[in-house]
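# Coordinate analysis (summary)
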There are 2 protein chains.
Amino acid sequence: MNRKEFRDLATPAEAREAIDSLALEAGIERVPLAEARGRVLVARLDAELDVPGFDRASLDGYALRARDTFGADEADPARLAVVGEVHAGEEPDVALEEGQAAEISTGAVMPDGADAMVPVERTDMDQEGDDVLVRTAVAPGDNVMFAGADVAAGERALGPGTQITPRDIGLLSALGVGEVPVRAKPRVGIVSTGDELVRPGEDLASERGEIYDVNSYTIAAGVEDAGGEAVLYPHAGDEQDEMERILREAADECDLVLSSGSTSASAVDVIYRVIEEQGELLLHGVSVKPGKPMLIGRLDNSAYVGLPGYPVSAMMVFRTFVAPAISEAAGLPEPASATVTGRLARQERYEEGRHRLMPVGLVTDGDGETLVYPVDKGSGATTSLADADGVVEVGPETDYLEAGEPVTATLFSPDVRPPTLFAVGEDDPTVSRLLDGLENPRYLSVGTRPGLRRLREGVPDVAVVAGPLEADVETTELDRWEREWGLVVRPGNPDEIEGLADLVDRDLQFVNRTTDSGLRSSLDAAVAALADDRGTTRRELTDAIDGYDLGLRAHESPARKVIAGDADAGLGLRETADRLDLGFVPVGEQPVCVLANPDRTAKDGVRELEAALTDV
Amino acid sequence: MNRKEFRDLATPAEAREAIDSLALEAGIERVPLAEARGRVLVARLDAELDVPGFDRASLDGYALRARDTFGADEADPARLAVVGEVHAGEEPDVALEEGQAAEISTGAVMPDGADAMVPVERTDMDQEGDDVLVRTAVAPGDNVMFAGADVAAGERALGPGTQITPRDIGLLSALGVGEVPVRAKPRVGIVSTGDELVRPGEDLASERGEIYDVNSYTIAAGVEDAGGEAVLYPHAGDEQDEMERILREAADECDLVLSSGSTSASAVDVIYRVIEEQGELLLHGVSVKPGKPMLIGRLDNSAYVGLPGYPVSAMMVFRTFVAPAISEAAGLPEPASATVTGRLARQERYEEGRHRLMPVGLVTDGDGETLVYPVDKGSGATTSLADADGVVEVGPETDYLEAGEPVTATLFSPDVRPPTLFAVGEDDPTVSRLLDGLENPRYLSVGTRPGLRRLREGVPDVAVVAGPLEADVETTELDRWEREWGLVVRPGNPDEIEGLADLVDRDLQFVNRTTDSGLRSSLDAAVAALADDRGTTRRELTDAIDGYDLGLRAHESPARKVIAGDADAGLGLRETADRLDLGFVPVGEQPVCVLANPDRTAKDGVRELEAALTDV
């Protein structure tokens, strides 16, 4: 493959410029008024008619000639002959002359000859019912809304670029506008490539290395958030002709084609060749992290941007470079600024001279100040973004940020509300249920040891710890209870496993948890006790247990290995075994403690958690 | 009609309570992932699988047993036999033993026996190509993303009540979730009643007092903004059986029925009867202004709220009482607070002891401070809301607010951006075109005199004035030009009108503008000059002109009267006549001046306007 060389990575500014040079605008469309909310008016709209379209009575009462009431008052009412009546939605069939009045209802057309009206409360009918006595003087125009008083024909109603609100729809309705000319949404085709990708909802063969396609739906949702219309194309796999066909079909149908999903070099080579042959490659590689492998170019008559394959990189590059261009093409105003300034929770070092897009979470400390902490589970992780609130950008010249340094985070959207409670630690079903009842909590299942470490570092509000660990940090215990742990085995325990000793003495396949977890600490302690009983070393026993050293991070993974037939026993909770209809061999009970940072106990989210714990 | 008596108006708090007592929740629905953006998760979602689902190579290189590399370095590489290769999306067909390695690509499944990998950059192939020389030591787990490292099976993924963002869609994709259980949107049926109402886009017979139905589409858009699903029902007219049938059909199909639109007493009576007979009336009349005539109750198995007929009242009551209940039923979090505090631009007096919902506009003064000014064109006006930015609530105990008093306005939505330029005054086509090029300006066509008055009061940034008026206020003139005015006549001028004298001397029907307008000032001056010429009084001449005293506020209305055949000549601009393909008889030229408040000339919006004026 003979790739055109881009020796230097482009700067973020150059990447923005390249994207700006692509025309993403999609033209004009006319939408019915009922679908106009949120759309962007493409041209000025002047009133084509007066609103109201006629001189209109503002109240129930009598239409009359103001001059006939001059001098009238309670003591000396003016007497007028009632010559007709006018209701709303009717054409008046009377015209008033001097000394005459007509009964009129709210919203009705003022009859010819009338120039004012008097509300019924200021009048009396005379005995015969033919005349009305008006107990007040009115001036011309009193209680009449004249034609055009609300909006006058020819008046500027809405300017171009207006993003239509319900209130604007009120104005458009009043003007009788049934269809509104709006900026068409840019159509954005999303092509994902890679043999290993499977659409969510379909079956996954993990043993073959298949993974769910994360980028397609995520980027599609991002496109819609930005004001575009997302079109998902079928997976292209790694077959070259098919990939080229789908890319060109998307280019034919869309204003912008985004490819994403594959990390395979061969797929990138095909895309590269298609863009070079059928379009133009403007830029390859941008000096940002994450996100370096980015392509910008044209394909047939469409714009083209190739996003990195890793979900976090793809989303960060999309947000930073592509979303603003889509919003601009959609005619949307720049979104209301949503930035939060806070202190960096821990120091950060950067290796390379690249512009850095750092996903961050926000947490309020005990003084109500915002702490900003980097969320980084590696560029292959999908949770890095779901667990973050926004992004801090760090320039290429910065290689070090001190803890406590003030930084400004741009929220993912103005609607983002940082969590009311930030908790970390052991995965526990009781805790999870409690969190369900709280408003907007965040929980990171990092395990007991890392949870305690983070609590010590001062970032989370609360850590949930389990097992025989000593907390080496000052904490406030919010609650404590016991949970039963042991061996999760096949339904009905067909191997008749009775306890740890069977794992040592028999030929059974075991699945452990990582040393991060509180369950593992309790298991280690139980094994040590068994070793004491037998007068041997802990190591002797663990070497005898097949699988002891292979720990899974996942809470339910050992149980699931048992279900899959890959193991005879796994470390787990009785609650997990019950929930998954598996057998359970109890080994012990361990404490679960909910520990708060003492500075945060007055924080609303912590108090809510405490109240929820008390209610259990 | 025997209405149940509600002697006292309910307080706003009572109205909220009554609405809260209606159950608007719509249950649960399952939506495909592609449609889940913005929806609200109805239950906690735990991971059903590990992500990644297998131990995954993070880079291109060699999978191996870490132990085999211990001690290796650049000088003394470890030599391993390459026994196979694994690509992404493939099931490994090798298992490693001591001293062996397998070529592996990014994202591929780690083969059995391997516990680490080394990137290709740290290796060399030996001469024969059968062995790889590893120039570094790696630890178990290096460059491998273990199964469940991103999300572990059983881990809490998203909590109930989560409003799904693109980032959450990333997580859901990774978990393979194809369908998401979300809170169904409350269905809100909108029934408008009243014989006089016409749907926008249809023809309007103003002479019969018909008006466009403003409330239906406006409230529907408000329902959707609040997170509900709006269902528009056909107009019920004033026919009782039909109205009852439609109300009950809506109640059958929706969670909430809103009626709105009619101000006719008989329609209200029918609704009243239907609610009383088929449901329950909880509350009638609330002590707020605007909005007093509000009904809250139940109809069959649906909730029912009757909104006032006037658009501003309907929308204010909807926003204040109904929208929050819809959002809550939709499970949406309370929207990010969007309030702005500023100084009240002019004093306000209140007559009654009602809670007041005051639509207000916002404008930034020369010091960057926010001024808040009430927007009130009367409750029948539709522009009151389109020209406003938010609402100030004033309690019933307040009957007076001083100018300069600090008040807090709640923006109509967090997206509302107050205008960058606030201009008022004469309607002028050149000004209107200039405004099209500006970012988010606001222009109120109030005419020349009121425009000057408002500039004097210190609220707008700029006033556009036309005609022979003297500005009695210190202003900065941004620009000035001449425009041609005269008589707009039928196409081709079939009546051969030559000037003002014809209006006086011949039997012609004329249409004038109101005295607010600069055009009228120039016309008055021209008539005075003609009177001088003829040695008579101005009054003598104006009495001789049929229609001189009837002025229309509307910029184009006189021309439109000519088109409609209701007049032979109207006061207007050459530009208007040209645009509407009418004849034009020039009478004179008049100056148009754009005058700025001298304190605001440094304001961005004013400078942009000045630049645009210069560019013309």
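Residues numbered from 1 in each chain as written. Chains lettered and ligands numbered in written order. Predicted model: local features only at pLDDT ≥ 70, side-chain atom pairs only at ≥ 80, totals over all residues. Heavy atoms only, no water.

Once that is clear, we can look at the packing of aromatic side chains. Residue and element names in this part refer to chain A. For the structure on display, the rule yields four aromatic pairs over all chains. Judged by centre distance (6.2 Å) and plane angle (25 degrees), the ring pair of F510 and Y548 falls under stacked. Of the two residues, F510 is situated in strand 33 (residues 510-513) and Y548 in the loop between helix 12 (538-544) and strand 34 (551-552); the sequence distance between them amounts to 38 residues. Taking relative accessible area as the criterion, Y548 reaches 1% and is therefore assigned buried. (Phe/Tyr/Trp six-rings, centres within 6.5 Å; stacked < 30°, edge-to-face > 60°. Helix = DSSP H or I, 4+ residues; strand = E, 2+ residues; numbered from the N terminus. Buried < 20%, exposed > 50% of the residue type's maximum accessible area, 1.4 Å probe, protein only.)

All names here are of chain B. Judged from the five bridges that link them, strand 22 (residues 339-344) and strand 28 (residues 406-411) form a sheet pairing that is antiparallel. Residue pairing for strand 28: V340 is matched across the bridge by A409. Pairing of strand 22 with strand 25 (residues 370-374) involves two bridges; the strand directions are parallel. Bridge assignment links R343 to a residue of strand 25, and that residue is L371. (Pairing = 2+ DSSP bridges.)

All names here are of chain A. The topology assignment puts V459 in the loop between helix 9 (448-457) and strand 31 (462-466). Residue class for V459 comes out buried when judged on its relative accessible area of 6%. Each C-alpha atom of the pair V459 and H355 lies 25 Å from the other, and the pair is 104 residues apart in sequence.

For the rest of this paragraph, the subject is the relation of the copies chain A and chain B. For the pair of chain copies, the relating transformation is a rotation about an axis with a translation along it. When chain A is brought onto chain B, the operation consists of a screw motion whose angular component is 180 degrees and whose axial shift is 0.0 Å, with 0.1 Å RMSD remaining. Each copy turns onto its partner about a two-fold axis. Closest approach to the rotation axis among the C-alpha atoms of chain A is made by P414(A), whose C-alpha sits 4.2 Å away. (Least-squares fit on C-alpha atoms with pLDDT ≥ 70 in both.)

What follows concerns helix 3 (residues 215-225) of chain A. All names here are of chain A. Extensive coverage of helix 3 is indicated by the burial of nine of its eleven residues. Burial in helix 3 covers these residues: N215, S216, Y217, T218, I219, A220, A221, G222 and V223. Looking one or two places after helix 3, you find G227, whose phi comes out positive at around 100 degrees.

Consider a sheet: its strands pair through backbone hydrogen bonds, and that pairing is either parallel or antiparallel. Residues and elements named next belong to chain A. On the basis of which strands lie adjacent, the open sheet formed by eight strands has the order 30-29-31-36-32-35-33-34 and mixed pairing. Edge positions in the sheet fall to strand 30 (441-444) and strand 34, since each has one partner strand and no second. Here strand 29 (residues 421-425) runs beside strand 30; their pairing, made up of four bridges, is parallel. Opposite L421, over in strand 30, you have P441 as the bridge partner. Seen against the sheet, helix 9 touches strand 29, strand 30, strand 31 and strand 36 (583-596) and runs at an angle of roughly 150 degrees to strand 31. (Contact = heavy atoms within 4.5 Å. Axes fitted to C-alpha atoms, helices over the stretch in contact; angles between N-to-C directions.)

Let's shift gears to the domain arrangement of chain A. Put simply, an interface is often sized by how much accessible area is lost when its parts join up. If you check the domain split of chain A, you get domain 1 (12-25 + 186-329), domain 2 (28-51 + 150-183), domain 3 (56-145), domain 4 (339-418) and domain 5 (479-595). Put simply, the middle of domain 3 of chain A and the middle of domain 5 of chain A, counted by C-alpha atoms, are 92 Å apart. (Domains from an automatic or database assignment.)

Attention now moves to the sheet that holds strand 7 (residues 116-119) of chain B. All names here are of chain B. Pairing within the open sheet is mixed, and its six strands lie in the order 7-4-6-5-9-8. Single-partner strands in this sheet number two, and they are strand 7 and strand 8 (123-125). Shown here is a sheet whose adjacent strand axes are inclined to one another by a mean of 40 degrees, direction ignored. Here strand 8 runs beside strand 9 (residues 131-134); their pairing, made up of three bridges, is antiparallel. Looking at strand 9, one finds that T123 is bridged to V134.

Residue and element names in this part refer to chain B. Among the nine residues that make up helix 2 (residues 166-174), nine are buried, leaving the element largely enclosed by the rest of the structure. When we look at burial in helix 2, the residues that qualify are P166, R167, D168, I169, G170, L171, L172, S173 and A174. Two residues or fewer after helix 2 comes G176, characterised by a positive phi angle close to 75 degrees.

This paragraph deals with the environment of H87(A). Residue and element names in this part refer to chain A. Turning to its location among the elements, H87 is positioned in the loop between strand 5 (78-86) and strand 6 (100-104). Distance in space between the C-alpha atoms of H87 and T123 is 18 Å, their sequence separation being 36 residues. With residues up to four places along the chain from it excluded, the contact list for H87 reads S105 and A108. Of the polar contacts made by the side chain of H87, one reaches the side chain of E85; its length is 3.1 Å. (Polar contact = N/O pair within 3.5 Å; in protein donor to acceptor, adjacent residues only side chain to side chain.)

Residue and element names in this part refer to chain B. Residue position: T448 is located in helix 9 (residues 448-457). Its relative accessible area of 0% is what places T448 among the buried residues. The residues touching T448, leaving out its near neighbours within four places in the chain, are G425, E426, V464, V465, A466, L469, D516, S517 and G518.

Attention now goes to the side chain of D428(B). Along the chain, the position of D428(B) falls in the loop between strand 29 (421-425) and helix 8 (429-436). Not counting the four nearest positions on each side in its chain, D428(B) is found in contact with W481(B), R483(B) and V592(B).

Attention now goes to the interface of chain A and chain B. Counting residues at the interface gives 93 residues for chain A, matched by 93 residues for chain B. Summing both sides of the interface, chain A and chain B together bury roughly 7700 Å²; the carbon and sulfur share of this comes to 55%. For the pair chain A and chain B, the number of links is ten salt bridges. Between E224(B) and R37(A) there is a salt bridge whose closest N-O contact spans 3.9 Å. Where chain A packs against chain B, one counts 28 residue pairs in polar contact (both at pLDDT 80 or more). Sorting the residues of the side of chain A that touches chain B by element identifies helix 2 (166-174), strand 15 (211-212), helix 3, helix 7 (383-386), helix 8 (429-436), strand 30 and helix 13 (557-563) of chain A as the ones contributing at least two each. Top contributing element to the side of chain A that touches chain B by residue count: helix 2 of chain A, with eight residues. Of the residues in the side of chain A that touches chain B, the class split is 41 nonpolar, 23 polar and 29 charged. (Buried area = accessible area lost by both parts, 1.4 Å probe. Salt bridge = Lys/Arg side-chain N within 4 Å of Asp/Glu carboxyl O. Nonpolar A, V, L, I, M, F, W, Y, C, P; charged D, E, K, R; others polar.)

Right, let's get into the pattern of salt bridges. Residue and element names in this part refer to chain B. Tallied over the entire structure, the rule returns 88 salt bridges over all chains. Here E457 and R453 are joined by a salt bridge, their closest N and O atoms 3.7 Å apart. Pair noted here: E457 and R453 are both in helix 9, with a separation of four residues, about one helical turn. Overall, R453 belongs to the partly exposed group, its relative accessible area being 39%.

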